[in-house]
Every structure is written in C-alpha cells, then in structure tokens.
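Descriptive structure summary
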Amino acid sequence: MSALAPRLKAALALFVLMALVPPLVTALGDPFLTVVANRMLVFAIAALSLDLILGYGAMVSFGHAAYLGFGAYAVALGARWGVSDLLAQILLGMAMSAGFALVTGAISLRTKGVYFIMITLAFAQMAYFFFVAQSSLGGDDGVALQARSSLLGVSLEGDLALYYVTLGALVAIYAGLYRLTGSRFGRVLKGTRENALRMQAMGYRPFPYQLIAYVIAACLCSVAGVLLANLTEYVSPAYMGWHRSGELIVMLVFGGIGTLTGAVAGALVAVGLEEVLAIFSDHWRLGFGLVLVLVVLFSPDGLTGLAKRLGIGGSKDV
Amino acid sequence: MTNLFLLQLLNGAQFGILLFLVAAGLTLVFGIMDFINLAHGVLYMVGAYLMATFAGLTGSFWLGLLLAMPATLVFGLVLEFLVFRRLYDRSHLDQVLATFGLILMLSEGVRILWGSAPLNVDMPALLSGSVPLAGPLKYPVYRIAVIAAGLASAVGLWALINHTRAGMLLRAGASNRPMVAALGVDISRLFMLVFAFGAMLAGFAGAIVAPILSVDPGMGESILILTFVVIVIGGVGSIRGAFLAAILVGVVDTVGRTFGPIWLRMVMDPSAAAQTGRMLAPMLVYLLMAAVLFWSPTGLFGRKGAK
Amino acid sequence: MSELLEIRDLRKSFGALAVTDGVSLSVAEGELHAVIGPNGAGKTTLIAQLSGQLSPDSGLVLYDGEDITHLDMATRVRRGLARSFQITALLPGMSVLENVALAVQARSGSSFRFWRDAGDEEITNAQARVALEEVGLADRASVLASALSHGEQRQLELAVALATKPRLLLLDEPLAGTGGQEAERLIALMQRLKSRLTIVLIEHDMDAVFQLADRVSVLVYGAIAATGSPEAVRADPAVRAAYLGEGA
C-alpha cells in the first residue's frame, strides 16, 4: 500500500475531528452545538454528491437541492406509511430521486452551457411546486415529524445517535465516491469534463456516463435529505428551493471543486459561517453576497483559486 | 364559461407580456455574450420598488413612472460597470456564483431599505375602472393598458432590431458573435447598450406591474425562473422566440390554474380533479418546457448547433 | 488493392457556401492518401464528415464496404476509424499516460466499472506505454498533458489516435506548428505507420506530402481537382495553376 494521497489524509483528519466534536462540546457545556455540527455533516454529504457532477463531470446543475427535498419527503411519506426505518426511507428517497434525475437529466443533458444551468434550475423548481401543492404533506408550510427514524430497530431520537449515523454515512459516501472517481467510469467522466469531443474521438459516447453520474449524485444527495429531515424533525419545500441549490454550489466551490475533500471542507466552513453570521445580524445575506461577488471578481480563478491559495481542499484530483 | 375563458386568456396574455419584457433583454445577453445572469430578476424588482418610492413621493403614478424608468436604467448601468463587465470572459460557474451573490445582496438590501412588508402603488385615475368586453363581461382598463404598453414595447423593440444598424449588429451578434467582433464592432459597448436596454425593459415591467401586484422582495426571483423557462422555450438569443414563448407560458400558466381542474372534471370525479388540478397547474409550464426541449434541445427559435 | 474507404458525391453547405461540393474519393487498404489544397478548400470539413463530427447534406461514406455516413464518431472509432485534430484536442488536466490509457480503455472491456482503481490496470497501462513509446513520449508519461510543449502535444495527439488501434487513420495536419526536429520525428513516425495502417493525411507541408504519400488528391473549392501519384499530381498543369503555383 502506497502512502495516502494528501487530500485523503486531509479528509481523514476532518472526519476524526468531527468524530470528536460531540464529546468536546458536551464537555464545554454546550451540547446544542452537536446539532449544528450535524448540520455541517448533512451538507457535506450534499456538497460531495454535487462534486461528482459539477467537479468531476463539469455539469453545472443549479437544481441539486431538489434531491435534498426528495430525501426529506421520503421521511415524511415513510412516517405516514408507518415505515420508520432509516434504510427503508433512504431507499425510498433514492428511488424517487433516481426516477426524477433519470428523466430530467436525460432531457437536460441534451443541452449544454447556459441551457443546462437554466433547465436544471427550472426542473428543480417544478419539483418544488409539486410539493408545495401537496396539501396532505403540509403544502407550503411543510409538515412536522412525530419522531425520528430508527436504524435497524435502534431509535435515532438522541442527538448523538443521529450524529454518528450521519458521520458514518458521510465517511461511507466519501469512500464510495473516492473509489468511483478513480475507477474506469470516473476516468471517463473526468475525460468528458476535460474535452468531450476528444472523448468521442476515442470511441466514447459521453451521454450515458454523464447521465449515470447525474443519477448517482441525485441518489447520494437524497441521503443528505433523509438525514436533514431527521435532524430538524421537519420537512418543507424550502429544503429544495433554488437558493439552497445556489448555496450548495457556493459550499462546493468554496472548498474547491473536483477534489471530494474540498466539498467536505467547504460545507463545514460555509455552514459554520452561516451560523456565526446569523448570530450577528438578520441581514447576514447582504455580507455573504457581497463577499461572494468580491471574491469571484477579484480572485482571478474565482473562489477555487482563493481557496487554493488559502490551502483549503488541496489540489484538483486528476 | 366562455367568458371566463376569455378573461383568463387576457390575464394570461398580460402576464406573458410582462414575462416578455423581462426576458427580452436577458435572452440577448445570453445569446450575444454567452453570459448567464441570475440577477436579471433583481432589475424587475428594483423597477417596482423605485416606482413605489417615486409614486409615493410625488403622489403621481405618471411622475413615478417617469422617474423610475431612467433610475432603473442608471442602476442597471452601474451594475454593468461594477460587476457584469468583469464576468463576460469568465466560466459559467463564476458567472453563476457572482450573480447569485448579487441576488443575495440586493434582495437583502431591498429588505433593509424598504422592509419586508409588501408595498402598494395606486392606480392612476385615468386607468382605473373597467370597460365592458363582451356581454356582461368587464375587464380592468389598467390591465388592458399593461397589455397595450407591452405590445407597444415589443413593436418598438422589433423595429429597433430590424431597422437600425445597432439592431442589425445585435441580430448578427446573437447568432454569430465572432463575426461581429471580426467586423470591428466594439463588442463591449454594444453589450453595454443591450444590457442597459434590457435593464430598462425589466424595470419598466416591474414598474407597471406595481399597481396590480404587491411589491415585495421575492418578486424578482419568482419571475426570474419563469423568464428562464421562456428563454429556454423560445431559444437563447431570439427575441421572436422570447415573445411567442412568453405569451405561451403566460397563457398556459394562467389558464391552466383556472381551467385545469375544470377540464379534469370531465375525465375524473370532482374531488380527484380538484386535487390533481391543483397539483399539475404550477407544473404545467415546466412540463411544456420539457416537451419543447425533448423535441428541440435549442428551443423553438434557437440556432442549431449552438448548444 | 481493395478499397477501405470510399466517398461518393459528398456534399455539405453552410448557408449558401458549398464547402464540400461533390467529393468522390477512394482510399485503398494500406495506402497513404494525402489530401492537399489551398486554405479554405474544405479539407478540415471533409475530415469532419469522414470522422462523424459533421453530418453531410448528401452523399455516401463507405468504410470497409459498409455505409457509415450517419454513424456517430464514437461508433466509427470503435470500428477502427480514428482521427487526430488539427487544433490539438487533449485532456489537458490529465496525465500523458491517462490520455492514452483512456483511449486503450475505450476498446478493452466495459467502462461501466465503478470500483476498481483504473490507474492500477497493468494491462491498460502497458498498452498505453507502447503507444507512447511509438511516438517517443515514454519518458513524459506522468506529466500533465497541458505541461507538454506544442510539438510533444502533437505527438501525444498521434499516440491517442494509435491507442484506439485503428485500421484507418485520419490525420488533420499533424505537422501544424511543429518545426525542425519535431517535424522530422513525426514524419519518420508516419513513415513507420504507413506499413501497418491505411492513412488519410491532410497536410500543408509539401515536402512531407510528396515524401510520404502513395497517392495525392487535390481539393479546390470543395471538389477534387486531381488524384494520382505524387509525380502525376505534381506534373498536372491544372493543379499547378490552381494550387502549387501559389506556394512554389
């Protein structure tokens, strides 16, 4: 076994650090912070899944939060049908996400550039309105969950149990994507990102690879949705609003795209920043937006360049 | 029943006209500069807020409109100068991020300046009241005026694009950007012109809609996504496509919400029809978009191979 | 000699401009067939139609006796019809070895494998190294493609095309932008390749063309003005007037 890649080491360090958070904050007398940290982990999963298509496949989807919503509603539907097992709910969320991603992805991937961005946004908005119209699921207001799910008979009612299940899911998904992006499939996906015409001239048709990646990313993001619903014990269409899709992109780019580790780091930092800024002012979005604009304008490679200069995320995985 | 349909058709057309005013500038920006601007809806919102402010200050709808339009234009130019022109050569991802940041900033800025509560703008006395349309049916004068103003703008835009030198360059630029650059045209000045004009049209739409819709900080975002649908259906860079698609989207959305449940009742029982109708209506325009894309990935009037 | 590639009355217009205006051409198995012509004669457009990048308006492209006119590029490559690009088209953010290994991977086993590390595939890498050896880039295998010099990128372009194991190779100005030693090395390489492969070569460098080609076709304004042995074409008065006169 050769030495671990630097980005893998960084990810391991992050995971170990996050594993130590609950005992630490409990010792500090503020166990509520476990919930905040749990939120970071949930969004790390979502940003990771986005990295597969945006970072490795160069597909700028502005509708990724839709799958966060599908996952969350899988919990609400599961609860209504008496299915409280987390794995079953994850399966349900994945099935819904895969179906939606397969159809909308197949249509969106026939286009490129600004079309792709606009169309993924529009389809996510369609899903949003679908759930807004579900009055039995609370419509616009959403619906509160009676209880959290259980995993193989063990209740996740306690914050600690849910936290470590989330961390476990994050580590598993990171490992899975690490393998996937290094595999034959991942290599083709990266090649398509670099130059789709060249890939065709090698004998590949990019479409099926891109579509499969799109569906996998959707399924993985729905896992984050299932966990988010359990964390907040609440499900609403707001989870899949287009702002959320934008925030996922910001998290990912902040940490650095196409590295996996960057997605995790970016989510941890961005969610943390949001929590801190929100303490200071209700109008934190003004500052957040301003920083975003300034960084893109004045850091020549955009946020990625800045992140690289700050040493977040490490170099691009090639 | 027929009357109700006619009424909804008019409402749909009126909504479509507004969508067109917002989409017209944006589709040219996409087409010519291959630049994705998420913040275009903000100009619509700013137009409405400036209208509310100026109309409130002067006590006159007309003075308000007269002041709001150039103010939006200036606002658009300032944004172009400060932000957009630095983004033209950047990746789509950077453009998405920066304009998303701009939305966050400006929406929050509007909340700070004007508060979150919706504002109202009074209708001018000249345009209030209704006129009889057909039989017992009446239609508000103001909405007719909105349709007329929108159509007049569309015709003006058409004349501008088809009968002026700048318009010719625009058409050429929208279908073949390198060619226009090769002709020695100062592309950045051309774009500033397009942008300023698009900003004013969007601001105009926001200003004239102020008396019939409430002015609130979310209004720019809800219209933005429908504008995208319009542009995708019409084909990026095509004014004609944007016009037809805008009317189509406006009518389908408006008529679908009212008549969806009614038509569904013919094939299913009333409660199921009401439920399904409520669910499908807001999704209709997106399904329409999907259908068009399935048939032609570059929209109705998009250039082929310009994917 | 049997025909490997046959083009019948191929036509392609952009608007009012007929870029390919009734081209008919046949390439025999094993020959190196050069297509020359002044700038704007439609050479690259012709290659694009042969490789499947562009679809012709009318006419036929037959490959090994089969109609491939409307097959996409990927399918043609899988059947052994590879191309190189005039403007270097590589995967800039990936290593030289990975660029070639991807071409090997495309024809050896499924790419829908999601778990095993592709970088550890010894057989794939070995085959990729053979192609790199062939073009003289073996010692640059681990460098990023974007870090190569222009001449090296041209070599890599060839290595990628070779790694698809083609029967017919379409080379679009492989010498473009190279000079001196680099060009000589590439010419020597093509000399070696022509004994194993059928090659359609588009090239501006006349010395190289007359040195390598078995037959030469001259493309002028989208149509074939003459076809024949290098000597015959060089002597053809119509060709001299239309084309060689300019540069000679």
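Just so you know, these numbers come straight off a predicted model, no measurement behind them.

**Concerning the overall build of chain B**
Counting secondary structure elements, chain B contains 12 helices and 2 strands. Helices (α) and strands (β) of chain B occur, in sequence order from the N terminus, as α-α-α-α-β-β-α-α-α-α-α-α-α-α. Its C-alpha radius of gyration of 20 Å places chain B within 12% of the 19 Å reference for a compact globule of 307 residues. Taken along the three principal axes of its C-alpha coordinates, chain B extends 60 × 50 × 40 Å. Within chain B, the fraction of its 307 residues that count as buried is 54%.

**Focus on the interface of chain A and chain C**
With 27 residues of chain A in contact, the opposing surface of chain C contributes 40 residues. The largest contributions to the chain A side of the interface with chain C come from A:Arg184, A:Arg187 and A:Arg198, which together make up 31% of the buried area. Joining chain A to chain C, the criterion identifies 4 salt bridges. Salt-bridge contacts for C:Glu157 lead to A:Arg198; the nearest nitrogen and oxygen are separated by 2.4 Å. Our enumeration of links across chain A and chain C arrives at 19 residue pairs in polar contact (both at pLDDT 80 or more). The set of elements that each furnish at least two residues to the side of chain A that touches chain C consists of helix H6 (159-182), helix H7 (184-194), helix H8 (196-202) and helix H9 (206-232) of chain A. It is H7(A) that provides the largest number of residues to the side of chain A that touches chain C, a total of 7 residues. The residue makeup of the side of chain A that touches chain C, split by class, is 13 nonpolar, 7 polar and 7 charged.

**Some words on the environment of A:Thr26**
Residues and elements named next belong to chain A. Here threonine 26 shows up in helix H1 (residues 6-27). Overall, the relative accessible area of 46% leaves threonine 26 in the partly exposed class. In terms of polar contacts, threonine 26 uses its side chain to reach the backbone carbonyl oxygen of proline 22, at 2.5 Å.

**Focus: the interface of chain A and chain B**
One frequently used descriptor of interface size is the decrease in accessible area upon assembly of the parts. Tallying the contact residues gives 48 residues for chain A and 51 residues for chain B. Between chain A and chain B, roughly 4,400 Å² of surface is buried when both sides are summed, and carbon and sulfur atoms account for 79% of that area. It is A:Arg110, A:Tyr115 and A:Met118 in chain A that bury the most area against chain B; as a group they hold 16% of the surface buried on that side. On inspection of chain A and its partner chain B, the count reaches 0 salt bridges. At the boundary of chain A with chain B, the tally comes to 6 residue pairs in polar contact (both at pLDDT 80 or more). Counting residues per element, the ones that place at least two in the side of chain A that touches chain B are helix H5 (113-132), helix H10 (242-255), helix H12 (284-298) and helix H13 (302-310) of chain A. No other element matches H5(A), which puts 13 residues into the side of chain A that touches chain B.

**Section: the confidence of the model for chain A**
Averaged over chain A, the pLDDT score is 89; the fraction of residues at 70 or greater is 93%. Mean pLDDT per element in chain A: H13(A) is the minimum at 58, and H9(A) is the maximum at 96.

**Side note on the packing of aromatic side chains**
In total, this model carries 31 aromatic pairs over all chains according to the counting rule given. The interplanar angle of 45° and the centroid separation of 4.8 Å between the aromatic rings of B:Phe84 and B:Phe195 together place this pair among those described as tilted. Pair noted here: B:Phe84 is in the loop between helix H3 (61-82) and helix H4 (92-114) and B:Phe195 is in helix H8 (residues 187-209), with a separation of 111 residues, a long-range link. For the pair B:Phe84 and B:Phe195, a shared accessibility class is recorded, and that class is buried. Three or more aromatic residues joined by ring pairs form one cluster here, namely A:Tyr67, A:Phe70, A:Tyr73, A:Phe100, A:Phe116, A:Phe130, A:Phe131 and A:Tyr214.

**Topic: H4(B)**
For an α-helix, the turn length of 3.6 residues means that residues three or four places apart are oriented alike. Along its 23 residues, H4(B) runs 32 Å from first to last C-alpha, staying within 8% of the 33 Å computed at 1.5 Å per residue. Judged by how many residues are buried, H4(B) sits mostly within the fold: 18 of 23 residues are covered.

**What to know about the pattern of salt bridges**
Two side chains bearing opposite charge may form a pair once their charged atoms approach each other closely. Counted under the stated rule, the structure contains 24 salt bridges over all chains. The partner of B:Glu108 in a salt bridge is B:Arg111, with the nearest N and O atoms 3.3 Å apart. Remark: B:Arg111 and B:Glu108 occur in helix H4; sequence separation between them is 3 residues, near one turn of the helix. A single salt-bridge network, built from bridges that share partners, covers A:Arg148, A:Asp159 and A:Glu233.

**Structural notes on the sheet that holds strand E4 (residues 58-63) of chain C**
Residue and element names in this part refer to chain C. As summarised here, the arrangement of the 4 strands in space is E2-E1-E4-E5, forming an open sheet in which the pairing is antiparallel. Strand pairing shows two members of the sheet lacking a second neighbour, strand E2 (17-28) and strand E5 (66-67), which therefore form its edges. Of the strand pairs in this sheet, strand E1 (residues 3-14) and E2 are connected by 9 bridges, and their pairing is antiparallel. Opposite leucine 10, over in E2, you have valine 23 as the bridge partner. Where helix H1 (residues 43-51) meets the sheet, it contacts E1, E2 and E4, and its direction lies at approximately 120° from that of E1.

**Things to note about helix H5 (residues 141-163) of chain B**
The end-to-end C-alpha separation of H5(B) is 32 Å, in line with the 33 Å expected for 23 residues at 1.5 Å each. Within H5(B) the residues assigned to the buried category are B:Val141, B:Tyr142, B:Val146, B:Ile147, B:Gly150, B:Ser153, B:Ala154, B:Leu157 and B:Ile161.

Definitions and limits used
- Each chain carries its own residue numbering, running from 1 in the written order of its sequence.
- Chains carry letters from A onward and ligands carry numbers from 1 onward, assigned in written order.
- Residue-level local features of this predicted model are given only where pLDDT is at least 70; pairs of side-chain atoms are given and counted only at 80 or more, and the full residue set underlies all totals for whole chains, interfaces and linings.
- In computing side-chain values, all of the structure's heavy atoms are included and hydrogens and water are not.
- Starting at the N terminus, helices and strands are each numbered in turn, a helix being any DSSP run of H or I of at least four residues and a strand any DSSP run of E of at least two.
- Note on method: radius of gyration uses C-alpha positions; expected globular size equals 2.2 Å times residues raised to 0.38.
- Working definition: with a 1.4 Å probe on protein chains only, accessible area under 20% of the residue-type maximum means buried, over 50% means exposed, and in between means partly exposed.
- Note on contacts: a residue pair is in contact if any heavy atoms of the two residues lie within 4.5 Å.
- In this description, buried area is defined as the sum, over both parts, of the accessible area (probe of 1.4 Å) that is lost when the two are combined.
- Throughout this description, the term salt bridge denotes a Lys or Arg side-chain nitrogen within 4 Å of a carboxyl oxygen of Asp or Glu.
- For the purposes of these results, a polar contact is taken to be a pair of N or O atoms within 3.5 Å, where, inside protein, one atom must be able to donate a hydrogen and its partner to accept one; residues adjacent in sequence count only when each atom of the pair is a side-chain atom.
- Side-chain classes are defined by residue name, with Ala, Val, Leu, Ile, Met, Phe, Trp, Tyr, Cys and Pro counting as nonpolar, Asp, Glu, Lys and Arg as charged, and the others, Gly among them, as polar.
- A residue's pLDDT is simply how confident the predictor is in it, with values from 0 to 100.
- Here is the rule: rings of Phe, Tyr and Trp (six-membered ring for Trp) pair when centre to centre is within 6.5 Å. Planes less than 30 degrees apart are stacked, more than 60 are edge-to-face, and the remainder are tilted.
- To estimate how far a helix should extend, the number of its residues minus one is multiplied by 1.5 Å.
- We treat two strands as partners when DSSP finds at least two bridges between them.
- For helices, the axis comes from a line fit to the C-alpha atoms of the stretch in contact; other axes are also lines fit to C-alpha atoms, and the angle between any two N-to-C directions lies between 0 and 180 degrees.

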